[in-house]
Structures are given as structure tokens and as C-alpha cells.
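Structural overview
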Amino acid sequence: MREIHEECGVFGVFCPEGEADVASTVYYGLYALQHRGQESCGIVVNDDGLFHAYKDVGLVGDVFQPAVLQSLGRGHMAVGHVRYGTTGGSGRINAQPIVVNHRKGHMALAHNGNLVNSQQLRDALELEGCIFHTTSDTEVISYIITRERLRAPSIEEAVNRAMRILEGAYSLVIMSPAKLIAVRDAHGFRPLCFGRTPAGQYIVASESCALDAVGAAFIRDVEPGEILLFDQDGVHSLREHCGRCEKRTCIFEHIYFARPDSVLDGVSVHRARRTAGAILAETYPVAADVVIGVPDSGLDAALGYAQTAGIPYGTGFIKNRYIARTFIAPGQASREDKVKIKLNPMQETVRGKSVVMIDDSIVRGTTSARIVRLLREAGAREIHVRISAPPFLNPCYYGTDIDSRDSLVACQHTVEEIRDMIGADSLGYLPLERLHELLGTSPCMGFCSACFDGRYPTAVPQGRGKNKFEQKLSQRGARTDAASRDA
């Protein structure tokens, strides 16, 4: 499977009391969500129906220099987005939010997730005369909503009708000339929440940590299937799609993607990861001198392991904070290059010792092998690897960078073979049957774990592959962006 998948961050602000410096508010919110995507970012400001947009490839702090933020001006609402694409299509053309101009006004849309019926919808829209400029699911969603808006009495009704057509994972922030809308698919695959600042501004964000960053008090999560509308009359909830499907929040949000200071659907990410570490300590005890975690998502699990096992917790690695996350860097060569400069082992912590090293996952195995080798070179006597997730055995169709079974090391090798491949003295994964304990739910209820157990909540797409346009774009994207910056 070589299709584009996105794991992104969305953010929106609505000011019922009039215009404000909403661009800066979105900027700080996106900074807090930067871990969800480092390839591109964008902000669209609504100034009384006039949209000002800027988006580009790069990190939030690099793209939005003070002059750029100032050029966006003030407004009474705005939306923002940080993105990564897992295969190709990572240039400016696929940056979000998408802005659509039609006879009933403007619309800006930011999307986190992945549709499972994207190709069918795209084919049908092309037959209707739609011309696509990007390769992302987001443009498909924007066309569907726009088509329904031309027939519907309001933007919220257009979104409501679109949700009857869209299948898969989508958390959306949508801005019309007068309204801000937050939408979450009926399964609730991807997180979305909202809060309010002391000044009365409503904030919508992928994670609660972004609310904290702008001084907003958390109100609640957007419910699966809910359409939440913000306008001059207040906040309104449309719930036609609520309860239509069983809730299936992505468990990997808690294991890896989300920031540990976020709370998703009432569950602390920090607490979930500590629980994973405690389970590993109970399941795979070992006589060791120190427990260390691989930054960042392995740190909380390492703390849980150390506390349960009664083994000292230590700082095993110093992380270069200026290097993006390797798991979501597109392309294996890029991942391996970044590991070399991303982590440096603390020799004082590991030299001559038996070490328990906690990491969040083993997908392809190459990164884990490199990290184990770093510890060996730093003088570790023994290295016992513990993984705070079960083995990846299946591709994900809902927006996580787990592509095909062919590239998943656990599909091709036993645990002992993987242990040999990465050079560890022992290896243990989080037991699948205890995965639900991370969220405090009953087994297989309330979350999606299809990448581990193959139990998909939706029909899965068949025969999906990059079309010729996407293949050409992935080859040309980097050259086009480089040429634009050099011009």
C-alpha cells in the first residue's frame, strides 16, 4: 500500500466579541501541535468575510515569521493546520488549510485523518467535472462539502449531509464567512476538543495541550459524530451522526502521537503510557541496573516500568530538539539519517550496566537497531528492550504511518528473530490482551487497534495505489519547492 496517509494537527479560534489578533493565537496553538506534523503548516484568517491565507513547507516557527503573521491581519476567527504526509506529496501543494471560493462564499478547511472511500469519491467527482490540484483526502472532503453547500440552506447542513457520504477518519475544523465548525467522524478515530479563553474566545484543537498553550480552559471533547457550531449566537451541537457507530479512538494516539500533557477523551496520555510501562514490568521482569526511555513517547512508559519493577529510572538519551520525529519522517532514508543526529546516549547512565530500554514501537526495525547500537557503543553491558505497544501486524487506513505488511518487521519475523536483528539481549512487547488497560476500558471497546489485531471498524479499501499524478508529484515536489525558495 503506497497511498497517502496523514497524521496532522488542526486548530481554530472564534471571537464572538469582535476582531482580535487571531493569527497569533493560531500560531501558538500550532506550535503546541507541532509534534503532529513537521512537513508543512498554514493559517487562514477571516476578516469580516475576507480570507487571508498563508501556508508553506516547514516548521511553524520557520514559516510564520513576524512579518508573515502581521500580513495576515486581525479577524474574528481563524483556522490552522500542521501536516505530514507519509509517502510523497509533501510539498506546498498539499499544505493546509484548503480554501474554497464558491458562489455562496468562502470556506477554509483543515483535516486530520484519512478516508477509506477517498478514491471512489475522487473518481466520482472527476466524472462530475471536478479538477483536483492536490493528492490529499482533504480536497475530496472540501469538494463534497462545497457541492452539498450549493444545495443546502446552511454550511452546517452541508457538513451534515457530507458526513453521510464520507467514510473513515476525519476530524475537521471548517471556517465559513460567519461560522466556525468542528466535526468528528462517527467512530471518533482522531481526537478533537474545544475550550474557551478568559477573553471569551472559543478554541478548537486536536489536543488539549494546544488549549493550554493559548490559555483556554478545556470544556469537553467533540463527541464522535458531532458537528459543533460556533457563531454569534453561541455554541450549537448537531448530533444526527452521534451513536451511529461504535467509538473507535485510535489507541496509537495514546501510545505515540499525542503529547503526554494532553487528555484525550478523558484519558491522560501520561497516565496511559505509565500504565503501559507497568504492564511491561509485570509481564517481562528482568534483573537490571537502570530503566531508560527513548524520547519522547518512551519516557513515561519507562517511568511506569521503573516504579513497578523497583529499578532506578535514569536519563538514557539526550535528544536534539531541533530534529523532527523519525517515525513521521517520510521515507526510510530520511528516518535513518535523522536517528544518527537525533539521540545521544548518556554514558554515565548506561556504561557497564544492565539496561532496560523502553520504546513505543518497532515498525521496520532499523531505528531500533540503531538505538541499541548507540547504547552498546556507550558501554551498556546488557540491553533489554521493552515496547509499549503490541507488534504491528496490519496496515492502518485511518491516518497512521503504517503502510503495508511487507514493511512490518513483525509480519516477517518472530520476536526472537527481531531481538537478534536489533541486537538486544531480550525483547518484550505489550500484550495485546492488556491493551485496553491503557484507557481503562473493557477489551476491544472504545478504541481501534486494527494495526495490531486486524479488526477494522470499517470496510477497508481494495487495490489502493498511487495514481500517476501522485507518483509524479512525489518526484517533483522537492525540486519545485527548492526552486521556489531559490527564486
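Preceding this paragraph is the structure being described.
What comes next concerns the included structure. Every chain is numbered on its own, with residues counted from 1 as its sequence reads. The predicted origin of the model limits local features to residues at a pLDDT of at least 70 and limits the giving and counting of side-chain atom pairs to 80 or more, whereas totals for whole chains, interfaces and linings rest on all residues. The basis for every side-chain value is the complete set of heavy atoms in the structure, and neither hydrogens nor water enter the calculation.

Points about the overall build of the protein
Numbered from the N terminus, helices here are DSSP runs of H or I no shorter than four residues, and strands are runs of E no shorter than two. A count of helical and extended segments in the protein gives 17 helices and 23 strands. Counting the 487 residues in the protein, one finds 61% classified as buried. Every accessible area reported is derived by Shrake-Rupley at a probe size of 1.4 Å, with residue values counting cover from the shown protein chains alone. Accessible surface for the protein amounts to roughly 18,400 Å². Of this, 51% is attributable to carbon and sulfur atoms. A 1.4 Å probe rolled over the protein chains alone gives each residue an accessible area, and that area as a share of the maximum for its type sets the label: buried under 20%, exposed over 50%, partly exposed in between.

What about the sheet that holds strand β17 (residues 290–293)?
Pairing between strands is defined by DSSP: at least two bridges between them are needed. Strands sit in the order β17-β20-β21-β22 across an open sheet of four strands; the sheet is parallel. The open sheet is flanked by β17 and β22 (426–429), the only strands paired with a single partner. Pairwise comparison of adjacent strand axes, ignoring direction, gives a mean angle of 20° for this sheet. Pairing analysis gives four bridges linking strand β21 (residues 382–387) to β22, with the strands arranged parallel. Bridge pairing links isoleucine 387 to tyrosine 429 in β22. Axis definition: a line fitted to C-alpha atoms, limited for helices to the stretch in contact. Angles are taken between N-to-C directions and run from 0 to 180 degrees.

Some remarks on unusual backbone geometry
Cis geometry is adopted by the peptide bond preceding proline 97, which originates at glutamine 96 and carries an omega value of 5°. Mapping proline 97 onto the fold places it in the loop between β4 (77–83) and β5 (98–102). In the segment running from proline 295 into aspartate 296, the intervening peptide bond is cis, with an omega of -5°. Positionally, aspartate 296 belongs in the loop between β17 and α10 (299–309). The phi dihedral of aspartate 48 is positive, around 55°, even though this residue is not glycine. Mapped onto the secondary structure, aspartate 48 falls in the loop between β2 (40–47) and β3 (50–57).

Focus: the environment of leucine 438
Here leucine 438 lies in the loop between β22 and β23 (446–448). Counting along the chain gives 159 residues from leucine 438 to isoleucine 279, while the straight-line C-alpha distance between them is 9.3 Å.

Here's the deal with the packing of helix α4 (residues 118–127) against helix α5 (residues 137–149)
Their axes nearest at 10 Å, the elements α4 and α5 cross at an angle of 55°. Regarding the angle of α4 to α5, the classification is oblique. Considering how the two elements wind past one another, α4 and α5 form a crossing that is left-handed. Along its contact with α4, which presents Ser118, Leu121, Arg122 and Leu125, the element α5 presents Asp137, Val140, Tyr143, Ile144 and Arg147. Of the residues contributing to the contact of α4 with α5, the split by class is five nonpolar, one polar and three charged. In these notes the angle categories are as follows: under 35 degrees is roughly parallel, over 145 is roughly antiparallel, 65 to 115 is roughly perpendicular, and the rest is oblique. Note on convention: the crossing is left-handed when the near helix lies turned anticlockwise from the far helix by less than a right angle, right-handed when the turn is clockwise. For this analysis, residues touch if any pair of their heavy atoms sits within 4.5 Å. Gly counts as polar in this scheme, as do all residues outside two lists: the nonpolar Ala, Val, Leu, Ile, Met, Phe, Trp, Tyr, Cys and Pro, and the charged Asp, Glu, Lys and Arg.

Focus on the nonpolar core
Nonpolar core, defined: a set of buried Ala, Val, Leu, Ile, Met, Phe, Trp, Tyr and Cys residues in which side-chain atoms within 4.5 Å join the residues together. One finds Ile255, Met357, Val385 and Phe452 to be the most contacted residues of the largest nonpolar core, which totals 67 residues. It is helix α9 (residues 269–283) that provides the largest number of residues to this core, a total of five residues. In this structure, phenylalanine 452 is in contact with Ile251, Phe252, Ile255, Ala389, Pro390, Pro391, Phe392, Leu393, Asn394, Leu432 and Leu435, ignoring residues within four places of it in sequence. With 30 residues, the next largest nonpolar core counts Val13, Cys15, Ala20 and Val26 among its residues.

Considering the packing of aromatic side chains
Describing an aromatic ring pair means giving the distance of the ring centres and the angle of the ring planes. Here the aromatic set is Phe, Tyr and Trp, taking the six-membered ring for Trp, and pairing holds for ring centres within 6.5 Å; pairs whose planes are under 30 degrees apart are stacked, those over 60 apart are edge-to-face, and all others are tilted. Following the criterion strictly, the structure yields 14 aromatic pairs and no others. Both rings, one in phenylalanine 194 and one in phenylalanine 230, keep their centres 5.7 Å apart while their planes meet at 70°; by these two values the pair is edge-to-face. Remark: phenylalanine 230 occurs in strand β12 (residues 227–231) and phenylalanine 194 occurs in strand β9 (residues 193–196); sequence separation between them is 36 residues. With a relative accessible area of 4%, phenylalanine 194 lands in the buried category.

Topic: the pattern of salt bridges
Close approach of charged atoms allows side chains with opposite charge to pair. By convention in these notes, a salt bridge is any Lys or Arg side-chain nitrogen within 4 Å of a carboxyl oxygen on Asp or Glu. One pass over the structure, following the stated rule, counts 27 salt bridges. Close ionic contact of arginine 419 with aspartate 420 constitutes a salt bridge, the shortest N to O distance being 2.8 Å.

Brief notes about the sheet that holds strand β8 (residues 180–184)
Across the sheet, six strands lie side by side as β5-β6-β7-β8-β12-β13; this open sheet has antiparallel pairing. Each having just a single partner strand, β5 and β13 (234–238) make up the two edges of the open sheet. If you compare each strand with its neighbour and ignore which way they point, the axes differ by 20° on average. Alignment of strand β7 (residues 168–175) against β8, held across five bridges, turns out to be antiparallel.

Description of the pairing of β9
As paired elements, β9 and strand β10 (residues 202–205) share four bridges and run antiparallel to each other. By the bridge assignment for β10, phenylalanine 194 is matched with valine 204. Where β9 folds back onto β10 in an antiparallel hairpin, the turn is made up of five residues, including glycine 200, whose phi is positive at roughly 95°. Two strands pair when backbone bridges link them, and β9 and strand β11 (residues 217–221) are joined in this way by four bridges, in the antiparallel orientation. Bridge pairing links arginine 196 to alanine 217 in β11.

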